[in-house]
Amino acid sequence: KNDAIVGTIMKSAASAGSRATVSLSDCLACSGCVTSAETVLLSEDSASTLREMCTNKNNQVTCAISRASLASLADALDMDLNQCLKAIKAGLAQEPWSINTVVTSDTAQQLAATLVAE
């Protein structure tokens with residue numbers, strides 16, 4: 001069941017193939033918060049870019065999912081948070097993704113805070 005669920009989620013993301021595009025003209029009251037660097041970063045963010053990074057065995061890819069996204073997926077799939085996270089981890093560990101480290105953004109934030117404190 002988990003493989004089918006994650007497969008459906010990943011196929012949907014991959015088939016969308018759409019890129020986020022944000023420009024300075026998208027801002028209603030520009031205060032300079034969307035810089036050209038952020039615009040480039042968002043435009044290069046896509047499922048195909050992630051797939052390219054994952055297929056390169058020299059890359060170590062870590063996936064962080066926000067609690068809100070995890071909760072939304074768990075609710076939509078009628079799972080508890082831990083089941084949903086396990087299903088995501090199982091799906092992303094498979095080819096072509098081969099992502100072995102999946103954490104919630106809580107974990108990522110705690111790690112960042114620890115590193116900054118050192």
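It should be noted that the structure appears before, not after, this text.
Residues numbered from 1 in each chain as written. Predicted model: local features only at pLDDT ≥ 70, side-chain atom pairs only at ≥ 80, totals over all residues. Heavy atoms only, no water.

Thoughts on the overall build of the protein chain
This is how it is decided: A helix here means a DSSP run of H or I that spans at least four residues, while a strand means a run of E at least two residues long, and both kinds are numbered starting from the N terminus. A simple rule labels every residue: compare its accessible area, found with a 1.4 Å probe on the protein chains alone, to the largest value its type can have, and call it buried under 20%, exposed over 50%, or partly exposed in between. Two residues form a contact once any of their heavy atoms are found within 4.5 Å. Accessible surface is estimated by sampling points in the Shrake-Rupley manner with a 1.4 Å probe; for residues, cover comes only from the protein chains shown.
A tally of regular secondary structure across the protein chain gives six helices and two strands. Along the protein chain, from the amino end to the carboxyl end, the secondary structure elements read α-α-α-β-α-α-β-α. Within the protein chain, the proportion of its 118 residues that are buried is 20%. Considering only intrachain contacts with a sequence separation of at least 6, the fraction spanning at least 24 residues in the protein chain is 60%. Summed over its atoms, the accessible surface of the protein chain is roughly 8,100 Å², and 55% of this surface lies on carbon and sulfur atoms.

Topic: the state of the cysteines
For clarity, the cut-off: When two cysteine sulfur atoms are found within 2.5 Å, that pair is recorded as a disulfide.
Counting across every chain of the model gives zero disulfides. Summary of cysteine pairing: Cys-54 is not part of a disulfide, and the nearest cysteine sulfur, belonging to Cys-63, is at 8.7 Å.

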